[in-house]
Amino acid sequence: MLTRFRIAALAAAASLGAAALSVPASAHTPPATVLTPYGRVPRSDVVQVDNHQALQVVNGQVEKVDLRSHAVVARLGAAASGPASADPFRHAASLRAQAGITQSGTPQAGAAPSASASATDLGGNCPADWGPTNIQSFKTTWTVPPKPSDSTSTTTFFIWNGLAGGALQPVLQWGNGTAAYQIANWYYVGGKYAHGTYLSVSPGTSLTGRIDFVSQSNGTYTYKESFAGYPSADVTVNRTSAADGVIECFEPYTDGDATKNPDAPDVAMKNISLTGRPGHTAPPTIAWTGNSSAASTKVVDSSSSNGEVDLYFNGV
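Residues numbered from 1 in each chain as written. Predicted model: local features only at pLDDT ≥ 70, side-chain atom pairs only at ≥ 80, totals over all residues. Heavy atoms only, no water.

**Digging into the overall build of the chain**
Piece 1. A count of helices and strands for the chain gives two helices and 20 strands.
Piece 2. Sequence-distant contacts, at least 24 apart, represent 66% of the contacts inside the chain between residues at least 6 apart.
Piece 3. Roughly 12,400 Å² of accessible area belongs to the chain as shown, and the carbon and sulfur atoms make up 49% of that amount. (Helix = DSSP H or I, 4+ residues; strand = E, 2+ residues; numbered from the N terminus. Contact = heavy atoms within 4.5 Å. Areas by Shrake-Rupley, 256 points an atom, 1.4 Å probe, with all protein chains shown as cover.)

**Details of the state of the cysteines**
Piece 1. Tallying each qualifying case throughout the model produces one disulfide.
Piece 2. Residue pairing for Cys126: its cysteine sulfur links by disulfide to Cys249, the two sulfurs lying 1.8 Å apart. With a gap of 123 residues between them, Cys126 in the loop between α2 (88-99) and β7 (128-129) and Cys249 in strand β17 (residues 246-252) connect regions that are remote in the sequence. (Disulfide = S-S within 2.5 Å.)

**Brief notes about the sheet that holds strand β4 (residues 53-58)**
Piece 1. Pairing within the open sheet is antiparallel, and its three strands lie in the order β4-β5-β6. Two strands bound the open sheet, and with one partner strand each, they are β4 and β6 (72-78). With direction set aside, neighbouring strand axes in the sheet form an average angle of 20°.
Piece 2. Bridge count between strand β5 (residues 61-66) and β6: four bridges; the pairing is antiparallel. Bridging across to β6, Glu63 finds its partner in Arg75. (Pairing = 2+ DSSP bridges. Axes fitted to C-alpha atoms, helices over the stretch in contact; angles between N-to-C directions.)

**Brief notes about the pairing of β17**
Piece 1. Where burial is concerned, most of β17 is hidden: seven out of the seven residues are buried.
Piece 2. Neither face of β17 is open: one carries Val246, Glu248, Phe250 and Pro252, the other Ile247, Cys249 and Glu251, and all of them are buried.
Piece 3. Judged from the two bridges that link them, β7 and β17 form a sheet pairing that is antiparallel. From the neighbouring strand, Asp129 faces β17, where its bridge partner is Val246. (Buried < 20%, exposed > 50% of the residue type's maximum accessible area, 1.4 Å probe, protein only.)

**Here we look at the sheet that holds strand β15 (residues 220-227)**
Picture the strands of a sheet paired through backbone hydrogen bonds; they go either parallel or antiparallel.
Piece 1. Spatial ordering of the open sheet is given by β16-β15-β14-β8-β18-β20-β19, a layout of seven strands whose pairing is antiparallel. Looking at strand neighbours, the two that pair on one side only are β16 (235-239) and β19 (297-301), the edges of this open sheet. The mean inter-strand angle of the sheet, taken between neighbouring strand axes irrespective of direction, is 20°.
Piece 2. One ladder, built from eight bridges, connects strand β14 (residues 206-217) with β15; its direction is antiparallel. Residue pairing for β15: Asp212 is matched across the bridge by Lys224.

**Thoughts on the pattern of salt bridges**
Piece 1. All told, the structure shown has six salt bridges when counted by the stated rule.
Piece 2. The closest approach of N and O atoms between Glu63 and Arg75, which form a salt bridge, is 3.0 Å. Taken as a pair, Glu63 in strand β5 and Arg75 in strand β6 lie far apart in primary sequence, 12 residues in all.
Piece 3. On the accessibility criterion, Glu63 (8% relative accessible area) is buried.
Piece 4. Residue Asp234 pairs with Lys224 through a salt bridge whose shortest N-O separation is 3.4 Å. (Salt bridge = Lys/Arg side-chain N within 4 Å of Asp/Glu carboxyl O.)

**A short note on the environment of Gly77**
Piece 1. You can see Gly77 is positioned in strand β6.
Piece 2. The exposure class of Gly77 is partly exposed, given its relative accessible area of 26%.
Piece 3. The spatial distance from the C-alpha of Gly77 to the C-alpha of Gly60 is 8.6 Å, given a sequence separation of 17 residues.
Piece 4. Residue contacts for Gly77: discarding those within four places in its chain leaves Gly60, Gln61 and Val62.

Fair warning: the whole summary comes from geometry, so function is off the table for now.
Shown next as structure tokens:
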């Protein structure tokens with residue numbers, strides 16, 4: 001079951017840096033890795049899909065399929081199992097521990113995750129509401145912020161909205177090896193971290209990230225992730241459970257260096273809209289939970305039809 005645990009696990013995920021890896025004396029050389037919106041994970045567990053492909057789990061195996069022909073494009077091995085596998089952030093932390101990957105981090109890094117940890121452990125930049133279920137759509141509009149004052153920095157930060165604590169998330173990224181902004185839709189299925197096509201965007205561009213429920217059949221819940229106006233970046237997500245709960249997030253891997261965050265006070269996550277599936281009504285307000293010890297989130301309007309949450313890059 002997907003729970004609040006993922007936010008505490010993201011706090012641990014945020015403890016990694018853009019490039020810092022070390023090998024314990026008794027361990028083998030860690031594998032090549034990718035810094036994802038779930039933290040750094042082995043490259044072998046990251047899968048690129050296009051807008052006509054999807055991952056699915058069939059008979060305990062993860063497959064990459066062509067949505068037009070229904071042909072299997074690639075067989076990716078057994079789906080992850082065990083207590084950590086239901087949560088993308090906890091699973092990522094488990095993969096790092098198994099591979100001996102040590103990471104330096106950001107000011108949001110916290111204590112090791114535990115089953116009792118809550119959304120408040122992230123640092124306040126990822127407010128969430130775990131209550132909403134039977135979600136038809138969730139969308140948010142924000143403006144690509146200015147470049148960091150250190151405009152040559154390739155240090156990474158992510159800005160996104162999502163469902164299921166981020167198991168599905170349309171993502172704006174800065175860095176990861178390039179001093180530029182890009183968008184991509186990410187999701188987690190069967191222990192694999194999938195992303196769609198990356199597209200470049202410029203500061204000042206208005207983005208609307210949305211996730212829509214498509215159908216439910218034979219235990220499979222299908223969703224579409226998209227950025228309005230960028231259809232080549234769309235992805236289709238096939239899950240074995242419904243995606244419940246909503247989240248907004250600024251996720252930096254900048255070690256507290258304000259010159260590597262956007263050169264602006266905050267990003268306004270606006271026009272937040274949550275709707276329910278047929279026969280279900282979304283709550284009139286979203287009960288955002290942030291961090292009581294860090295003033296980095298401001299709920300301007302908790303409405304589920306035209307809400308706003310401002311995420312501050314370096315504190316209010």
